[in-house]
Amino acid sequence: MAKDNEKSTWKEFVWNPRTREFLGRTASSWGLILLFYLVFYIFLAGMFVLTMYVMLQTLDDHKPTYQDRLATPGMMIRPKSEALEISYNIQNTESWDLYAKALDTFLGPYNNSLQTEKNNECLPDQYFVQEDSGDVKNNPKRSCQFNRTVLEGCSGISDRYYGYHDGKPCIIIKLNRVIGMLPSKDGEAPYVTCGAKKEDTDKIGELLYFPPNGTYNLMYYPYYGKKAQVNYSQPLVAVKFLNITTNEDINIECKIHANNIPTGTERDKFAGKISFKLRINTK
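If you're wondering where the values come from, they're calculated on a predicted model, not measured in any experiment.

Bringing the nonpolar core into the picture now. Core analysis: the biggest nonpolar cluster contains 56 residues, and Tyr-164, Ile-173, Val-192, Cys-194, Tyr-216, Phe-241 and Ile-252 have the highest contact counts within it. Among the elements that line this core, the one with the most residues is helix H3 (residues 93–107), at six residues. With residues up to four places along the chain from it excluded, the contact list for Phe-241 reads Gly-167, Lys-168, Pro-169, Ile-171, Ile-204, Glu-206, Leu-207, Ile-252, Phe-276 and Leu-278.

Ordered in space as E3-E5-E8-E7, the four strands form an open sheet in which the pairing is antiparallel. Whereas interior strands pair on both sides, the edge strands pair on one side only; in this sheet they are strand E3 (75–78) and strand E7 (207–210). Averaged over all adjacent pairs, the angle separating strand axes in this sheet is 25 degrees, with direction ignored. Note: E3 against strand E5 (residues 170–175), four bridges, orientation antiparallel. Within the sheet, the bridge partner assigned to Arg-78 lies in E5 and is Ile-172. Docked against the sheet, H3 engages E3, E5 and strand E8 (236–241), running at close to 40 degrees with respect to E5.

Here we come to the sheet that holds strand E9 (residues 250–257). With mixed pairing, the four strands of this open sheet are ordered in space as E4-E10-E9-E6. Each having just a single partner strand, strand E4 (85–89) and strand E6 (191–196) make up the two edges of the open sheet. In this sheet, neighbouring strand axes are inclined to one another by 20 degrees on average, regardless of whether the strands run parallel or antiparallel. In this sheet, E9 lies alongside E6 in antiparallel orientation, the contact comprising six bridges. Bridged to Gly-195 within E9 is Glu-253.

Within E5, six of the six residues are buried, leaving the element largely enclosed by the surrounding structure. Pairing between E5 and E8: five bridges, direction antiparallel. Considered in E8, the bridge of Cys-170 is made with Lys-240.

Bringing empty space enclosed by the protein into the picture now. Across all of its chains, the model carries two cavities of 30 Å³ or more by this definition. Roughly 70 Å³ of volume is contained in the largest cavity. Lining the largest cavity are Leu-175, Asn-176, Arg-177, Val-178, Met-181, Tyr-221, Tyr-223, Tyr-232, Gln-234 and Pro-235. A per-class count over the lining of the largest cavity returns seven nonpolar, two polar and one charged. Volume-wise, the second largest cavity comes out at about 60 Å³. Considering the residues around the second largest cavity, the lining is formed by Phe-128, Gln-130, Arg-142, Ser-143, Cys-144, Met-219, Tyr-220, Tyr-221, Pro-222, Tyr-224, Gln-229 and Tyr-232. Of the residues assigned to the lining of the second largest cavity, the class counts are eight nonpolar, three polar and one charged.

Procedures and definitions
- For every chain, the first residue of the written sequence is number 1, and numbering continues from 1 onward in sequence order.
- In view of the model being predicted, local features appear only for residues whose pLDDT reaches at least 70, and side-chain atom pairs are presented and counted only at 80 or more, with totals across whole chains, interfaces and linings using the full set of residues.
- Water and hydrogen atoms play no part in the side-chain values, which are based on all heavy atoms of the structure.
- Residues grouped as a nonpolar core are buried Ala, Val, Leu, Ile, Met, Phe, Trp, Tyr and Cys residues, joined through side-chain atoms within 4.5 Å.
- Burial classification: accessible surface area is computed with a 1.4 Å probe over protein chains only, and a residue below 20% of its type maximum counts as buried, one above 50% as exposed, and the rest as partly exposed.
- Strands are runs of DSSP state E lasting at least 2 residues, helices are runs of H or I lasting at least 4, and numbering of each runs from the N terminus.
- Note on contacts: a residue pair qualifies if any of its non-hydrogen atoms lie within 4.5 Å across the two residues.
- When DSSP finds two or more bridges between a pair of strands, those strands are recorded as paired.
- Axis lines are fitted through C-alpha atoms, for helices just across the contact stretch, and the angle between N-to-C directions can take any value from 0 to 180 degrees.
- Buriedness of a pocket was judged along seven lines, with at least five required to meet protein on both sides within 12 Å; pockets are open sets of points on a 1 Å grid over the protein atoms alone, cavities are sets where a 1.4 Å probe fits but cannot get out, and lining residues have an atom within 4 Å of a point.
- Grid points are joined across faces, edges and corners, and a volume is the space filled by probe spheres set on the points.
- For this classification, Asp, Glu, Lys and Arg are treated as charged, while Ala, Val, Leu, Ile, Met, Phe, Trp, Tyr, Cys and Pro are nonpolar and the rest, including Gly, are polar.

Interpretation in functional terms is not warranted from these geometric data alone.
Structure below.
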């Protein structure tokens, strides 16, 4: 008997024919509550759309409105490999040919013919500043030529194997792009130096830099962004290892030096520098 009463009570809660209530509410009550939530969520959606619209009006397609960048840009090498380790055997062509091909691919856009076609021949040793005229955007902005031949012995033109076949490999170093960065205060170009870590100091041998002194010319700065400077060619520095110790792992560190770029801090030890391992086997 009690079970029948519970069943009857449950049925009346779902649908009460006497009061015409469904789940404890009449049709008008359900209508009002659904209308409330419909209006409420339309209002929330409208607020979201309005907020996004106002925020988008403050953005520039060509440069970030707010730039919370690192004070010191990072660095990267080419050819790029897993764990930043370059290892090969001079006697095994396949082991080093992949590095030469990777450099060929990377330097393809720097061919002189392409640079002459797309970019300007700029005045060296000074910033190439291209300001906007008030609200009139000076876009797209021009870019300076960085010709592959600047890398001389590491350009892949006179030596298509980049020195890998005879144990004198070339490593190309690039500084990460930072919009608006001016690396120098007094016209002194930033430059790169490479050296072995303490345990390998006597094994690195002689180094040769291209361009001379491993400099990044000031005419490639400031950088205005990918959309504003469509044809921007990032400046490069190549390092050629002339007589590095073979058959051993050599730990190498390269750093950027510039009077307007802070050195790395304890919080970011790899800002403005890069470490990699080089091993050349002869047997």
